[in-house]
Amino acid sequence: MNLEVLDKPGQLVGALQPISELGGNIISVIHEREPGVKSDTLDVQIMLELPEDMLSSLLEIYKVNNVNVVRVGEERLLIRRSVILIGHLMHTDLSDTVDRIDATGFAEVGELSVLMPAINEPSSAKITVKCDNLDDIEKALRILNEIASEKGFMIIEPLEELA
Amino acid sequence: MKVAILGLGAVGRGVLEVLATQKTGLVVTAVADSKSAVIESEGIDIKAILAQKKDSGICGDLTLSAADIVTTADYDILVEVTPTDVETGEPALSYIKEALARGKHVVTSNKGPIALHYPELSQIASTKGVVIGFEATVCGAIPIIQTLRHGLAGNDVRRVFGVLNGTCNYILTRMADEKLTYAQALLEARELGYAEADPTYDIKGIDAAIKLVILANAVWNLNVSLNDVDCAGIDQVTTEAIALAEEEDYTIRLIAELIPATGQMRVAPRLLPRNHTLIVQHTLNAVAVETDLAGDITLIGKGAGSLETASAILSDLIFIRDFYDRST
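What you are looking at is a predicted structure, and each value in this text was computed from that prediction instead of being measured. (Residues numbered from 1 in each chain as written. Chains lettered and ligands numbered in written order. Predicted model: local features only at pLDDT ≥ 70, side-chain atom pairs only at ≥ 80, totals over all residues. Heavy atoms only, no water.)

A. Focus on the overall build of chain A. The helix and strand tally for chain A stands at 4 helices and 8 strands. Listed by position from the N terminus, the elements making up chain A come as β-α-β-β-α-β-β-α-β-β-α-β. The C-alpha radius of gyration computed for chain A amounts to 22 Å, which surpasses the reference 15 Å derived for 163 residues by more than 25%, pointing to a less compact arrangement than a globule. Principal-axis analysis of the C-alpha atoms places the extent of chain A at approximately 70 × 35 × 25 Å. In chain A, which comprises 163 residues, the proportion classed as buried is 34%. Residue pairs at least 24 apart in sequence account for 67% of intrachain contacts in chain A once pairs closer than 6 positions are excluded. Working note: accessible area of chain A is about 9,800 Å², and carbon and sulfur atoms make up 49% of it. (Helix = DSSP H or I, 4+ residues; strand = E, 2+ residues; numbered from the N terminus. Rg over C-alpha atoms; globule rule 2.2 N^0.38 Å. Buried < 20%, exposed > 50% of the residue type's maximum accessible area, 1.4 Å probe, protein only. Contact = heavy atoms within 4.5 Å. Areas by Shrake-Rupley, 256 points an atom, 1.4 Å probe, with all protein chains shown as cover.)

B. Seen up close, the environment of Gly87 of chain A. Residues and elements named next belong to chain A. Within the fold, Gly87 resides in strand β5 (residues 79-87). Judged by its relative accessible area of 6%, Gly87 is buried. With 65 residues separating them along the chain, Gly87 and Leu22 place their C-alpha atoms 41 Å apart. In this structure, Gly87 is in contact with Pro122, Ser123 and Phe153, ignoring residues within four places of it in sequence.

C. Just helix α3 (residues 94-102) of chain A, in detail. All names here are of chain A. Turning to α3, its buried residues number three or more, namely Leu94, Thr97, Val98 and Ile101. Relative to the axis of α3, the buried residues are bounded by an arc of 95° and lie together on one face. Looking at the packing, one finds that the buried side of α3 touches β6 (107-115), β7 (123-131) and α4 (134-151). (Arc of directions from axis to C-beta.)

D. Representation of the interface of chain B and chain A within the structure. Every contact between the two is made by 27 residues of chain B and, on the other side, 19 residues of chain A. Regarding the contact of chain B and chain A, the summed buried area is about 1,900 Å², with carbon and sulfur atoms giving 64% of it. Contact with chain A buries surface across chain B, with Glu240, Leu244 and Leu271 of chain B losing the most and accounting together for 32% of the total. The interface formed by chain B and chain A contains 3 salt bridges. Of the charged contacts, one joins Arg266 of chain B and Glu157 of chain A as a salt bridge, the two residues approaching to 3.1 Å between their closest N and O atoms. The interface formed by chain B and chain A contains 10 residue pairs in polar contact (both at pLDDT 80 or more). Only β7 (157-163), α11 (239-247), β9 (250-259) and β10 (264-273) of chain B provide two or more residues apiece to the side of chain B that touches chain A. Among the elements that line the side of chain B that touches chain A, the one with the most residues is α11 of chain B, at 6 residues. Residues belonging to the side of chain B that touches chain A are distributed by class as follows: 14 nonpolar, 4 polar and 9 charged. (Buried area = accessible area lost by both parts, 1.4 Å probe. Salt bridge = Lys/Arg side-chain N within 4 Å of Asp/Glu carboxyl O. Polar contact = N/O pair within 3.5 Å; in protein donor to acceptor, adjacent residues only side chain to side chain. Nonpolar A, V, L, I, M, F, W, Y, C, P; charged D, E, K, R; others polar.)

E. Geometry of the pairing of strand β1 (residues 2-6) of chain B. Residue and element names in this part refer to chain B. Most of β1 is tucked away, with 4 of its 5 residues classed as buried. As paired elements, β1 and strand β2 (residues 27-32) share 5 bridges and run parallel to each other. Its bridge partner lying in β2, Lys2 is registered against Val27. Traced from β1 through helix α1 (residues 10-21) to β2, the parallel crossover comes out right-handed. Bridge analysis of β1 against strand β4 (residues 77-80) gives 4 bridges, and the strand direction is parallel. Bridging from a neighbouring strand, Leu6 pairs with Glu80 of β4. (Pairing = 2+ DSSP bridges. Right-handed = clockwise from strand over helix to strand, strands pointing away.)

F. Representation of the nonpolar core in the model. By size, the foremost hydrophobic cluster in this structure holds 81 residues, and its most contacted members are Ile84 of chain A together with Leu78, Ile132, Ile144, Ile171, Ile234 and Ile252 of chain B. Sorting elements by how many residues they give to this core places helix α10 (residues 206-220) of chain B first, with 10 residues. When residues of this core are assigned to domains, at least three fall in each of domain 1 (2-140 + 307-324) and domain 2 (144-302) of chain B. For Ile252 of chain B, the contacting residues outside a window of four places in its chain are Ile84 and Ile156 of chain A together with Leu172, Val237, Ala241, Ile242, Ala245, Pro269, Arg270 and Leu271 of chain B. Among the nonpolar cores identified, the runner-up in size contains 29 residues, and Val3, Val31, Ala312 and Leu317 of chain B belong to it. (Core = buried A, V, L, I, M, F, W, Y, C linked by side-chain atoms within 4.5 Å. Domains from an automatic or database assignment.)

G. Quick peek at the sheet that holds strand β3 (residues 37-39) of chain B. Residue and element names in this part refer to chain B. Taken in spatial order, the 6 strands line up as β3-β2-β1-β4-β5-β6 in an open sheet, and their pairing is mixed. Only two strands of the sheet have a single neighbouring strand rather than two, namely β3 and β6 (132-133). Bridge analysis of strand β5 (residues 105-108) against β6 gives 2 bridges, and the strand direction is parallel. Each residue of the ladder has a partner; that of Val106, found in β6, is Ile132.

Here's what the structure looks like:
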């Protein structure tokens, strides 16, 4: 998001602090003073991760603190779910498995760690799928389950709370 | 009330021992093992029968059998604790049907007949004005049937789920704690008597699935069968998979899950946070119930063992004694 803060000491910290207080994570901060432009405010660009539903709280705090939000950029929810795969994952083309999740457009494989005990023994992998929302996570896991039954490996899913 | 007991394995002997020592007002009038039977309408000498069984392996008269007890003996409640056959339910199924048809109450630990034919058995029982107790069929000593039917009566149960098989839980616990392979942990479970010589029913998740079917049919009248359960076992779980789960502070347990509203039933190894209430050690069972009014309830206890199973049978017997004894 783009912010406009007063060009005074402590203002930038004041804009960033609420993010961490709400459990968010700042990915990048860009602030530039354009040479030659005399202004008493400063433009700041922040890229951040926030827990679900916290964006409105953040904007509320900014309003109270007189931080002017110029623009809220693309909002993307981020949900991760890790599952474990067991079987002959390499022989059944693990990169194809990953590609088919990435190819959905709504889900992507964020992390992948594989343990291979010995040749011809089944290997185990932890795969983390990332999506914007819960429905897409369910859809992605359904696709993964289809791939699992087609390729003959096992999938261990987390025990979730009932929706 | 008079009680006849079919089956003198660990569970049957456990029931006899408890009835011999506790003042329940219940009189055992007949006992049968797989080869013989004894019938005494005034009450048998339990200690003598147990001693005889221990010495000779036979409890009574070789010319008498379980079938004779069921059809001719004088009893009010049949305790049916013979070995389970989950494909046909026999011979227990015939014994139970015959006893119910004679207007006798039945208490059983036998999963086969209950999982396969509960709607029919329950129908016979209600036309005869008797009851069929099967607390011992699910989770051993844990009173899950009583809890769901009576303790949480009036609640809308959204989900029942948990660790319903002690053998699988033992194997997964040992794989996690000692980094044993699946094969090593299974071997250990066998040596300790926690797994059968043929462990297929346990490790493939079938035993847990049967328990879900019993709950679905007996508590919610869903009229489902084993084929309706989406079932996976633990035999493919690797030590590496558990190690990967532990990286995120999770572990793996075989979880059986039933959603009454949709009839959805699933048994599968699942990832659970290591501090989850369902993470129990060794052969323990744990079952969680999610309800609208009572919130979440979790019961943890021993899922097998002769006295533990006898406890569940005794609670059914005492329930029948207290609510169905026509002589008082």
